[in-house]
Amino acid sequence: MLKLVNVQSFYGKIQALKGINLELHEGEIVTLIGGNGAGKTTTLMSISGLVKPKFGEIIYRGQQIQTLNPDEIVKQGLVQVPEGRRIFPDFTILENLEMGAYLRNDKAGIKADMDYVFGLFPILKERIQQSAGTLSGGEQQMLAISRALMARPKLLLLDEPSLGLAPLIIKDIFNIIKQINKEHNTTIFLVEQNANQALQIADRAYVLENGEITLHDKASVLLNDESVKKAYLGMS
Amino acid sequence: MVENIKKSSIIAVWFIFLSFPLVVLRVDYIDKTIDYRWHNILWIGIGAFFISWVWRYFLKRKNESDKSSEGKNQGTSASTSRFQVQKIFEHKFALLGILIAAAIVPQFMSTYQTSIFITAMMYVVLGLGLNIVVGMAGLLDLGYVAFYAVGAYTYGLLNLHFGLGFWISIPIAGVLAASFGVLLGIPVLRLRGDYLAIVTLGFGEIVRLVLENWDVVTRGPSGIPGIPKPAFFGVKLGFAGNMTYLFYIILALVVIAMVATRRLQSSRIGRSWVALREDEIACQAMGIDTTKAKLAAFGLGAFWAGIIGVFFAAKSSFVSPMSFTFFESAIILSIVVLGGMGSVLGVILAAGILILLPEYLRFMADYRLLIFGALMVVMMVFKPGGLITNIRQQYTLPKRNSKEELAELHSSET
């Protein structure tokens, strides 16, 4: 479905990605794990068009998308939940969700999707008129995911949804990510530092170090891999 | 109590020190002597002492009321949002009242007063235009006066060379100013905050300097005299008649601009502007074309400035680069900020205060700008959100817990 071929991205003169190759298949959950500064977010932003790769190709359904603008990429169905949630704090929850459906015009579909996300996160429905800035961190993450779902993504790009959340809430959110994947057959690309949780819900995983993919295997295999255990799972 | 006396005393001493050269010393240039007017120190000291006392009292009261309202807001979001909708209706009545009053007043006012009110209303439209750029899209534009100048010179030059009239010049100037807005927008797309402010400030100055120095086309600093006022269906009105006519034209423009900005605010593009102000990256993640949104904001904002430029040229029947200094931009920006970013009624009120007040304070001669400045400071301390904080249109949700209400919600939006 999505294929990155030798993608290299730069910030000025600093090379953040040194030739990334990876592939996502329809209906999969694929996770990209790695430490701080490995280039996880840059990989994701290269896909969503916020960072333009200098070399390499990003192919989505047989079409090169690396030169498109972010809004055109969203139109293709690649929707990102940005790092640090980035909800609109002065907007109400309803308005945030409406912004998610910005590119859509099908009233009935939008309504159905809104009901769907309220089913996933009932707390959001209770607070529908509350301004989003007053939500807790976990609720804001729920809202960020819901907002992305309102764009009816074919491929959902999640950037560290566990960032700064309590372990219990992380578990909830990861379960719901899995649920979204199953119920809507939405392909999910999950960028995470929390390797343990991410590997548990993912089908396949890539390990990123210093802008390069160092490991790639089934998630269940990596979960038992000695070097991964040592480096990312805090076990020795 | 002792604490308060101490604080106020320190402030009084400080003010005495600051104002010493102004109020105590007087140099007699003829006798070459210096007068010391020591008694003035007393007045300054007493004045500063009491004013600082009153100031602190109000500040304390304000802080307390802020705290209590914060506490109230939690958990009662539904009731507050209903309250907000009610407030919008109140605003509508207020606006209608102002409109009716405005339509009648020129019949009772002197020409001088009509002229002042015309100026105030021009600034209302300018404020509404800048409000799109600064208030809604959050792009700090310090060179707004450039588009105003483009409008004024469009009419002046088209009239001079081709004899084009007022009405035909209005759309031409609007479109031309809007294109200038887009033109300015393109290079500053990637800038934000202070950097954007500096570049737009530079743009404003560039336009003024071009007008001043490109004599062949613009006639340079001497300006363009003798710009005609609009004729009333071919009838030449007298001086007073002209003023009244201009008054009604600008009143109509104010109403049109108000309705237009109100509609814009609740439209798709208006929403995307507000979202843009809040978080640009999130906007891109939602699939909003931020380039288009920003350029639209610059263009539409400049459009109103262009139209008012034409009106200004017609009213003063003379344009020169002197009318388009940074001071004008600053005044318009103050109107937007003082009125409350993004608020339509706020802009009207602020334009009224900022334009009418200095006029009516003329009897205080030298002190009027001092009072004006003091008032601005007081405003910003006690109402930092502006006179009228903007309320985005919201939809209330009754406390029922069913799916129908969501259905209603959606149908009501169409």
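Calculation criteria
- Residues numbered from 1 in each chain as written.
- Chains lettered and ligands numbered in written order.
- Predicted model: local features only at pLDDT ≥ 70, side-chain atom pairs only at ≥ 80, totals over all residues.
- Heavy atoms only, no water.
- Helix = DSSP H or I, 4+ residues; strand = E, 2+ residues; numbered from the N terminus.
- Buried < 20%, exposed > 50% of the residue type's maximum accessible area, 1.4 Å probe, protein only.
- Contact = heavy atoms within 4.5 Å.
- Areas by Shrake-Rupley, 256 points an atom, 1.4 Å probe, with all protein chains shown as cover.
- Pairing = 2+ DSSP bridges.
- Axes fitted to C-alpha atoms, helices over the stretch in contact; angles between N-to-C directions.
- Expected span 1.5 Å × (residues − 1).
- Arc of directions from axis to C-beta.
- Domains from an automatic or database assignment.
- Buried area = accessible area lost by both parts, 1.4 Å probe.
- Salt bridge = Lys/Arg side-chain N within 4 Å of Asp/Glu carboxyl O.
- Core = buried A, V, L, I, M, F, W, Y, C linked by side-chain atoms within 4.5 Å.
- Phe/Tyr/Trp six-rings, centres within 6.5 Å; stacked < 30°, edge-to-face > 60°.
- Lys NZ or Arg CZ within 6 Å of the ring centre and 35° of its normal.

Looking at the overall build of chain B
(1) Moving on: The number of helices and strands found in chain B is 16 helices and four strands.
(2) Moving on: Expressed as a percentage of its 414 residues, the buried residues of chain B come to 44%.
(3) Moving on: Within chain B, residue pairs in contact and separated by at least 24 positions form 76% of the contacts whose partners lie at least 6 positions apart.
(4) Moving on: Surface summary for chain B: the accessible area is close to 21800 Å², and the carbon and sulfur share equals 69%.

Some thoughts on the sheet that holds strand E1 (residues 2-8) of chain A
Strand pairing in a sheet relies on backbone hydrogen bonds. The paired strands run either parallel or antiparallel.
Residue and element names in this part refer to chain A.
(1) Moving on: Spatial strand order, E4-E1-E6-E7: four strands in an open sheet with antiparallel pairing. Single-partner strands in this sheet number two, and they are strand E4 (20-24) and strand E7 (63-64).
(2) Moving on: Of the strands in this sheet, E1, E4 and strand E6 (55-60) touch helix H1 (residues 40-48), which is tilted by about 115 degrees from E1.

A closer look at helix H7 (residues 193-213) of chain B
All names here are of chain B.
(1) Moving on: Compared with an ideal rise of 1.5 Å per residue, which puts 21 residues at 30 Å, H7 spans 30 Å between its outermost C-alpha atoms and is within 8% of the ideal.
(2) Moving on: What H7 keeps buried is the set Leu196, Ala197, Thr200, Phe203, Gly204, Val207, Arg208 and Leu211. Projected down its long axis, H7 carries its buried residues within an arc of 125 degrees, all on one side. Structural note: H7 exposes Asp194, Tyr195, Ile198, Ile206 and Asn213 on the side pointing more than 90 degrees away from its buried face.
(3) Moving on: Close packing links the buried residues of H7 with helix H5 (145-162), helix H6 (166-185), helix H8 (215-218) and helix H12 (290-316).

Observations concerning the domain arrangement of chain B
Residue and element names in this part refer to chain B.
(1) Moving on: Per the domain assignment, the segments of chain B are domain 1 (2-68) and domain 2 (82-382).
(2) Moving on: Each of domain 1 and domain 2 has a C-alpha centre, and these two points are 38 Å apart.
(3) Moving on: Summed over both sides, the interface of domain 1 with domain 2 buries roughly 380 Å², with 86% coming from carbon and sulfur.
(4) Moving on: When the buried area of domain 1 at its contact with domain 2 is split by residue, Trp55, Leu59 and Lys62 rank highest and sum to 90% of it.

Thoughts on the pairing of strand E12 (residues 212-218) of chain A
All names here are of chain A.
(1) Moving on: Where strand E11 (residues 204-209) lies against E12, six bridges are found, and the strand directions are antiparallel. Its bridge partner lying in E12, tyrosine 206 is registered against histidine 216.
(2) Moving on: In sequence, E11 turns back onto E12 through a hairpin of two residues, with asparagine 210 there showing a positive phi of about 50 degrees.

Description of the pattern of salt bridges
A pair can form between side chains of opposite charge whenever their charged atoms are brought close.
Residue and element names in this part refer to chain A.
(1) Moving on: Taken as a whole, this structure holds 15 salt bridges over all chains when the rule is applied.
(2) Moving on: Residue aspartate 113 pairs with arginine 152 through a salt bridge whose shortest N-O separation is 3.0 Å. With a gap of 39 residues between them, aspartate 113 in helix H4 (residues 107-120) and arginine 152 in the loop between helix H6 (137-149) and strand E9 (155-159) connect regions that are remote in the sequence.
(3) Moving on: Judged by its relative accessible area of 43%, arginine 152 is partly exposed.

Overview of the nonpolar core
(1) Moving on: One finds Tyr148 and Phe311 of chain B to be the most contacted residues of the largest nonpolar core, which totals 103 residues.
(2) Moving on: No other element matches the 15 residues that helix H4 (residues 111-136) of chain B contributes to this core.
(3) Moving on: Among residues more than four places away in sequence, those in contact with phenylalanine 311 of chain B are Ile118, Met122, Phe166, Leu246, Ile249, Ile250 and Leu253 of chain B.
(4) Moving on: Residues Ile29, Ile33, Ile128 and Phe174 of chain A belong to the second largest nonpolar core, which totals 52 residues.

Focus: the environment of serine 169 of chain B
Residue and element names in this part refer to chain B.
(1) Moving on: Looking at the secondary structure, you find serine 169 in helix H6.
(2) Moving on: The spacing of serine 169 and isoleucine 104 is 65 residues in sequence and 28 Å in space, taken between C-alpha atoms.
(3) Moving on: Discounting residues that sit within four places of it in the chain, serine 169 has contacts with Tyr155, Leu164 and Val310.

Notes on unusual backbone geometry
(1) Moving on: Not every positive phi belongs to a glycine, and arginine 61 of chain A is a case in point at roughly 50 degrees.
(2) Moving on: In this model, lysine 32 of chain B sits at a positive phi of 55 degrees, which is unusual for a non-glycine residue.
(3) Moving on: For lysine 32 of chain B, a relative accessible area of 75% translates into the label exposed.

A word on the sheet that holds E11 of chain A
Residues and elements named next belong to chain A.
(1) Moving on: Spatially, six strands are ordered E8-E9-E10-E5-E11-E12 in an open sheet, and the strand pairing comes out mixed. Every other strand in the sheet has two partners, leaving strand E8 (78-81) and E12 as the edge strands with one partner each. Across this sheet, the average inter-strand angle for adjacent strands is 15 degrees, counted without regard to direction.
(2) Moving on: Lying on the sheet, H6 is in contact with E8 and E9; it crosses E8 at an angle near 170 degrees.
(3) Moving on: The strands that helix H7 (residues 167-184) touches are strand E5 (29-33), E9 and strand E10 (187-192); relative to E10, the one it contacts most, it runs at about 155 degrees.

Some points on the packing of aromatic side chains
(1) Moving on: Applying the stated criterion across every chain yields a total of 19 aromatic pairs over all chains.
(2) Moving on: Seen in terms of ring centroids, phenylalanine 147 of chain B and phenylalanine 203 of chain B are 5.9 Å apart; in terms of plane orientation they differ by 40 degrees. Their pairing is tilted. Residue phenylalanine 147 of chain B is found in helix H5, and its partner phenylalanine 203 of chain B is found in helix H7; the two are separated by 56 residues along the sequence. Residue phenylalanine 147 of chain B shares its accessibility class with phenylalanine 203 of chain B, and that shared class is buried.
(3) Moving on: Between phenylalanine 166 of chain B and phenylalanine 311 of chain B, the aromatic rings sit 6.4 Å apart at their centres with planes inclined by 65 degrees, giving edge-to-face as the arrangement. Of the two residues, phenylalanine 166 of chain B is situated in helix H6 and phenylalanine 311 of chain B in helix H12; the sequence distance between them amounts to 145 residues.
(4) Moving on: The exposure class assigned to phenylalanine 166 of chain B is buried, which follows from its relative accessible area of 3%.
(5) Moving on: Each residue in the set Tyr148, Tyr153, Phe312 and Phe324 of chain B is aromatic and connected to the rest through ring pairs, giving one cluster.
(6) Moving on: If you follow arginine 147 of chain A out to its NZ or CZ, it ends over the ring of phenylalanine 88 of chain A, 5.0 Å from the centre.

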